[in-house]
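Commentary on secondary and tertiary structure
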Amino acid sequence: MPCAPACYHSPVSFTGVVENDSIKLPSGMHLPDGTKVQIQPEEVEVPAPRAGETFAERFAEFIGCVDSSVRDRADNHDHSLYGRPKGTP
């Protein structure tokens, strides 16, 4: 298995992938614990919105995908923020 020496004079470049907040190096590559690294994310091309497309249309697949389990926050924001009596949702 190739191993990067603890001390080397010329910089070496690897391409890894971020998975769950960890950098995964290419198969067979090993860096000793404590090795300092410099990370430079690659640019990712973000598609431009289509002409006439609304925000809701562009992100329609995400609308309603999160259930906060708090259904009356907007109706009872004064209760949540200031302790006033709850209104009727």
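Everything quoted here is computed from the prediction, not taken from an experiment.

On average, residues of the protein chain carry a pLDDT of 77, and 79% of them reach 70 or more. Mean pLDDT in the protein chain bottoms out at helix H2 (residues 77–82), which sits at 82, and peaks at helix H1 (residues 55–58), which reaches 88. Of the regions scoring below 50 in pLDDT, residues 6–10 engages in zero contacts with residues more than four places distant in sequence or in other chains.

Moving on to the packing of aromatic side chains. Here the structure, examined in full by the defined rule, presents two aromatic pairs. With centroids separated by 6.3 Å and ring planes inclined at 40°, the aromatic side chains of Phe59 and Phe62 adopt a geometry described as tilted. Of the residues examined, Phe59 reaches a relative accessible area of 30% and is grouped as partly exposed. What makes Phe62 partly exposed here is its relative accessible area of 46%.

Analysis parameters
- Residues numbered from 1 in each chain as written.
- Predicted model: local features only at pLDDT ≥ 70, side-chain atom pairs only at ≥ 80, totals over all residues.
- Heavy atoms only, no water.
- pLDDT = per-residue confidence, 0-100.
- Helix = DSSP H or I, 4+ residues; strand = E, 2+ residues; numbered from the N terminus.
- Contact = heavy atoms within 4.5 Å.
- Phe/Tyr/Trp six-rings, centres within 6.5 Å; stacked < 30°, edge-to-face > 60°.
- Buried < 20%, exposed > 50% of the residue type's maximum accessible area, 1.4 Å probe, protein only.

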